[in-house]
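The lines below spell out each chain.
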Amino acid sequence: MPRWTNNAEKRLRDAAAELFEAHGYEAVTVTAIAEQAGLTRRTFFRYFPDKREVLFPQTDEIGEAVAQAINIQPKDADAGVLVGEIITVLVRAGTVITSDRQAQRKRQTLIQSSPELRERSRTKLATTAATIESALTTRGEPDAQIIAAVAVDLLRTAYQATLEGDDNASFAEHVKRARTALRSFDSYSRLPAPVSDP
């Protein structure tokens, strides 16, 4: 059996996490990660295009999973049904991602320490939003852009709250809290009247 097929992706992620924590992101090379994992540079590039991607495993799959859930809905499904499906997928994904909160906190600390990684994180979220928007647009949903943007912001907000909160609330609970906060805007059915000069 080739070396790279023996759980190589996880070995590379684990090796990278150890090295990043010990030396910082900038100081660690692809070669060092591969050697730490007992693999080769060639094996590394079978799984990741660059070392940044080690910190974003399966991130692209979130948008694709949401798009698939949207695509399989009946043609007459309204926006409420689609939003429900989107949230279901996001909660499922977020729950898995945040299952190891300690590891995710270390990851976030590392990302925040590097402008390069912060930019990659923003790009990943934008890509996820674009994928969701595309699926909604294909169905003819007029509010596709807004729904996609809110969905990704729910994902981001709930993720951060899950890691930063001290009440041990689940990812799903933080999504629920975020949705409750959004619904509070419905109570403002009209803009306040402008204040006239005395």
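These numbers come from a predicted model, not from an experiment. (Residues numbered from 1 in each chain as written. Predicted model: local features only at pLDDT ≥ 70, side-chain atom pairs only at ≥ 80, totals over all residues. Heavy atoms only, no water.)

*Asks:* Explain the overall build of the chain to me, using residue names and the numbers behind them.
*Replies:* On a plain count of helices and strands, the chain comes out with nine helices and zero strands. Seen in sequence order, the chain has helices and strands lined up from the N terminus as α-α-α-α-α-α-α-α-α. Counting only C-alpha atoms and orienting by the principal axes, one finds that the chain spans roughly 70 × 50 × 30 Å. Looking at the chain residue by residue over its 198 residues, the buried ones come to 36%. Residue pairs in contact within the chain that sit at least 24 positions apart in sequence constitute 64% of those at least 6 positions apart. Accessible area for the chain stands at about 12200 Å²; split by element, carbon and sulfur atoms hold 53% of it. Taken as two groups, the 26 positive and 27 negative side-chain charges of the chain have centres that lie 5 Å from each other. (Helix = DSSP H or I, 4+ residues; strand = E, 2+ residues; numbered from the N terminus. Buried < 20%, exposed > 50% of the residue type's maximum accessible area, 1.4 Å probe, protein only. Contact = heavy atoms within 4.5 Å. Areas by Shrake-Rupley, 256 points an atom, 1.4 Å probe, with all protein chains shown as cover. Lys, Arg positive; Asp, Glu negative; His and termini not counted. Charge placed at Lys NZ, Arg CZ, Asp CG, Glu CD.)

*Asks:* Requested: an account of empty space enclosed by the protein, with residues and values cited.
*Replies:* Inspection of every chain in the model, using the stated rule, returns one cavity of 30 Å³ or more. By volume, the largest cavity amounts to about 40 Å³. Elements that contribute at least two residues to the lining of the largest cavity include exactly α5 (79-97), α8 (144-164) and α9 (171-183). Looking at side-chain class alone, the lining of the largest cavity contains six nonpolar, no polar and no charged residues. (1 Å grid on protein atoms, 1.4 Å probe; cavity = no way out; pocket = protein on both sides within 12 Å on 5 of 7 lines; lining within 4 Å. Points joined across faces, edges and corners; volume = space filled by probe spheres on them. Nonpolar A, V, L, I, M, F, W, Y, C, P; charged D, E, K, R; others polar.)

*Asks:* Give a description of the packing of helix α1 (residues 8-23) against helix α2 (residues 30-37) that names residues and reports values.
*Replies:* α2 packs onto α1 with a crossing angle of 115 degrees between their chain directions and a minimal axis gap of 8 Å. Crossing hand, α1 versus α2: right-handed. Residues R11, L12, A15, A16, E18, L19 and F20 of α1 pack against A32, I33, A34, Q36 and A37 of α2. Residues of the contact of α1 with α2, tallied by class, amount to nine nonpolar, one polar and two charged. (Axes fitted to C-alpha atoms, helices over the stretch in contact; angles between N-to-C directions. Left-handed = near helix turned anticlockwise from the far one by under 90°.)

*Asks:* Describe α8, naming the residues involved and giving the relevant values.
*Replies:* Taking 1.5 Å as the rise per residue, α8 with 21 residues should run 30 Å; its terminal C-alpha atoms sit 30 Å apart, in good agreement. Three or more residues of α8 are buried, namely A144, I147, A148, A151, V152, L154, L155, A158, Y159, T162 and L163. For α8, the arc enclosing every buried residue in end-on projection is 145 degrees, short of the 170-degree limit, so these residues lie on one face. Every exposed residue of α8 that faces more than 90 degrees away from the buried side is listed here: Q145, I146 and E164. (Expected span 1.5 Å × (residues − 1). Arc of directions from axis to C-beta.)

*Asks:* Pulling in residues and values, what's your account of the pattern of salt bridges?
*Replies:* In this structure the tally under the stated criterion is 13 salt bridges. As a salt-bridge pair, E21 and K106 come within 3.5 Å of each other at their nearest N and O atoms. One end of the pair, E21, is in helix α1; the other, K106, is in helix α6 (residues 101-112), with 85 residues separating them in the sequence. The class of E21 is exposed, set by a relative accessible area of 55%. (Salt bridge = Lys/Arg side-chain N within 4 Å of Asp/Glu carboxyl O.)

*Asks:* Any chance you could break down the confidence of the model for the chain for me, citing the residues and the numbers?
*Replies:* On average, residues of the chain score 90 in pLDDT, and 91% of them reach the 70 mark or higher. Across the chain, α2 holds the top mean pLDDT of 97, while α9 sits lowest at 92. Low confidence marks residues 1-5, where pLDDT is under 50. Its contacts with residues over four positions away, or in another chain, come to nine contacts. (pLDDT = per-residue confidence, 0-100.)

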